[in-house]
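Notes for the structure review
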Amino acid sequence: MAAVKNNIYALLDQQGPFCTRSYPPAGRVFSREAREWLAELKGSGLATKYRVTRNQVFEILRVRSVAEIQALLKNPAAKAAVERRAYALLGNMFGIEGNEREIVSRINTYSRIADGVINYLRAKVLANYASYIEMTNEIDSTKSPVELLLVLFDDRYHKKARFEAKRKLILMQLAGSIDQRERETDVEHKFLQFLDFLNREVWSRNVRIGELEIVYLLSRHDPETYAAIDARVVKREELPKTLAPLEKITMLKRRRFCYQGREIPVYVSIRKKLPEAKVLKLLRKSEENPAVAVDDELGLMAVVDSLIEVKLFQKHLTESASRAGSLMTLEEVVDTLHGGEHRGGSIGSSAQTAMYKFFARMGGMRVEFIVHTNRSYLNYMFQRGVSHDEYEVKRIFDSGVTELLFPKDIYGIDISEKKESLIRWFRRRIEEF
């Protein structure tokens, strides 16, 4: 990240005073190393952050000094008592209700989400470098926040393992904040309400719930930009046996909605943003508070055949909400399907992205809608500089997340320099397959 704020992310910055060093903190206040570190801390403006973090660590571990932490490492019975107390403290902090076992289970899910963030990047955006950034087995298998905290002070662990323990703790804290926010806003219930609204009021009642029609878009693409020149809907039996150069086949599974007696096909992708995706969004925005950074928890993307059907779909949604007893208001409307540039605030997004995007407020929910024509959807998938795969790479790199999560001195590879090669790899995969 270009400039790490005075927040939780400063603890991960390997260029700052909280960097993970070759050896864990020794607690020798008057040593030369300690004096030099203290001068660096004061110069960084992070002294208050250090005091707050140190006090929090000492409170969780129920100690008053680093020396007492070293004693705790050698006392399994005391460590078990500290761990039990820590789970209770964290459970209260995140507002988790239930017995001790339920609280432990919920907090341990934050560990799985933290691992899921790293595994998602290794499996997709950074798949070509997965072996370089693989997590240390002992950290991957550790769920307990106390165990992870103690790793930071345990000289038996290598620098990489200690960095990963710290990273996992920070990601767990973000996951906990997201879980608390979801429970406060009742996202799970709202998602089910949204699905029920779509099935009752939006989709055609002439087809059964979940019934989909499979069709294919046969498209030709510009050799310079790989934008869709044209696209037509064909059935399976109409597909050509061989494709000409710059032709692609894209499968769509379409539902239908009925507007003024007319059945209109629509491909729909409905999603509730996963906790791992929300953690990544907090990282990209360098924000700790999910209420500030995550405004698109519920979303729907629709693809229709023509520009007029885009407008019909929006009108149908508004009328459907009214039938369900709620006014629907549209917020932050962006329409670049007729040309013009998309001036979005998202890091890594392209001004050339064509879409009809808005947030719909209805029934106590705020849902993000993105509506495409067949051609704009194909461009969203395949066009050079616009495609979603390229966007995924750009936003992770341009926000500084890769450098923060996988620093060079820990992993032996300057992952931040791999952006262009990864974009080229995704382009080959798009254009050759």
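Overview of the structure.

Conventions used here
- Residues numbered from 1 in each chain as written.
- Predicted model: local features only at pLDDT ≥ 70, side-chain atom pairs only at ≥ 80, totals over all residues.
- Heavy atoms only, no water.
- Helix = DSSP H or I, 4+ residues; strand = E, 2+ residues; numbered from the N terminus.
- Buried < 20%, exposed > 50% of the residue type's maximum accessible area, 1.4 Å probe, protein only.
- Contact = heavy atoms within 4.5 Å.
- Lys, Arg positive; Asp, Glu negative; His and termini not counted.
- Charge placed at Lys NZ, Arg CZ, Asp CG, Glu CD.
- Expected span 1.5 Å × (residues − 1).
- Core = buried A, V, L, I, M, F, W, Y, C linked by side-chain atoms within 4.5 Å.
- Pairing = 2+ DSSP bridges.
- Axes fitted to C-alpha atoms, helices over the stretch in contact; angles between N-to-C directions.
- Parallel < 35°, antiparallel > 145°, perpendicular 65-115°, else oblique.
- Nonpolar A, V, L, I, M, F, W, Y, C, P; charged D, E, K, R; others polar.
- Phe/Tyr/Trp six-rings, centres within 6.5 Å; stacked < 30°, edge-to-face > 60°.

To continue, consider the overall build of the chain. Along the chain, the regular secondary structure elements total 17 helices and 8 strands. With the principal axes as the frame, the chain shows a C-alpha extent of 80 × 50 × 35 Å. With 433 residues in all, the chain has 48% of them scored as buried. Within the chain, residue pairs in contact and separated by at least 24 positions form 71% of the contacts whose partners lie at least 6 positions apart. Separation between the mean location of the 70 positive side-chain charges and that of the 59 negative ones in the chain comes to 2 Å.

Our focus in this paragraph is helix α4 (residues 76-93). Along its 18 residues, α4 runs 25 Å from first to last C-alpha, staying within 8% of the 26 Å computed at 1.5 Å per residue. Among the residues making up α4, those that are buried are K79, V82, A86, Y87, L90 and G91. Where the residues of α4 are buried, they touch α2 (47-61), α3 (66-73), α5 (100-123) and α7 (145-151). Phi turns positive, to about 65°, at G95, one or two residues after α4.

Moving on to the nonpolar core. Of all hydrophobic cores here, the largest spans 75 residues; its most connected members are L61, L126, V279, L283 and F406. Of all the elements, helix α8 (residues 159-185) adds the most residues to this core, at 10 residues. When sequence neighbours within four positions are dropped, the list of residues in contact with V279 reads I113, V117, L171, L174, A175 and I178. With 31 residues, the next largest nonpolar core counts F194, L198, V202 and I264 among its residues.

It is worth spelling out the environment of C19 at this point. Relative to the elements of secondary structure, C19 occurs in the segment before α1 (32-44). The class for C19 is buried, based on a relative accessible area of 18%. In this structure, the C-alpha to C-alpha distance between C19 and F163, residues 144 residues apart in sequence, is 8.3 Å. Apart from the residues within four sequence positions on either side, C19 is in contact with D13, Q14 and K166.

Between its first and last C-alpha atoms helix α12 (residues 307-323) spans 25 Å; for 17 residues at 1.5 Å apiece the expected length is 24 Å, and the two agree. Turning to α12, its buried residues are E309, V310, L312, F313, Q314, H316, L317, S320 and A321. G325 lies just past α12 and shows a positive phi near 95°.

Spatially, 8 strands are ordered β2-β1-β3-β4-β5-β8-β7-β6 in an open sheet, and the strand pairing comes out mixed. A single partner strand is all that each edge strand has here, and the edge strands are β2 (228-234) and β6 (329-335). Put simply, the sheet's adjacent strands are angled 35° from each other on average, direction ignored. Looking at chain direction, strand β7 (residues 356-362) and strand β8 (residues 365-373) are connected through 7 bridges and run antiparallel. Within β8, the residue paired with A360 across the bridge is V367. Against the sheet, α12 contacts β3 (247-259), β4 (262-272), β5 (298-304), β6, β7 and β8, and its axis sits at roughly 40° relative to β3.

So, about the packing of α5 against helix α10 (residues 275-285). Packing of α5 against α10 leaves a shortest axis separation of 9 Å and a crossing angle of 75°. Regarding the angle of α5 to α10, the classification is roughly perpendicular. Facing α5, whose interface residues are R112, I113, G116, V117, Y120 and L121, α10 presents P275, E276, V279 and L280. Taken together, the residues that form the contact of α5 with α10 break down as 7 nonpolar, 1 polar and 2 charged.

We now examine the packing of aromatic side chains. The final tally for this structure, using the stated rule, is 12 aromatic pairs. Here the aromatic rings of F163 and Y411 are separated by 6.4 Å at their centres, their planes lie at 80°, and the arrangement is edge-to-face. Taken together, the residues span a long stretch of sequence, with F163 in helix α8 and Y411 in helix α16 (residues 408-411) at a distance of 248 residues. Classification of F163 as buried rests on a relative accessible area of 0%. The exposure class of Y411 is buried, given its relative accessible area of 7%. Relative to F426, the ring of W425 has its centre 5.1 Å away and its plane inclined at 80°; by these criteria the two rings are edge-to-face. Relative accessible area serves as the criterion here: at 2%, F426 is assigned to the buried category.

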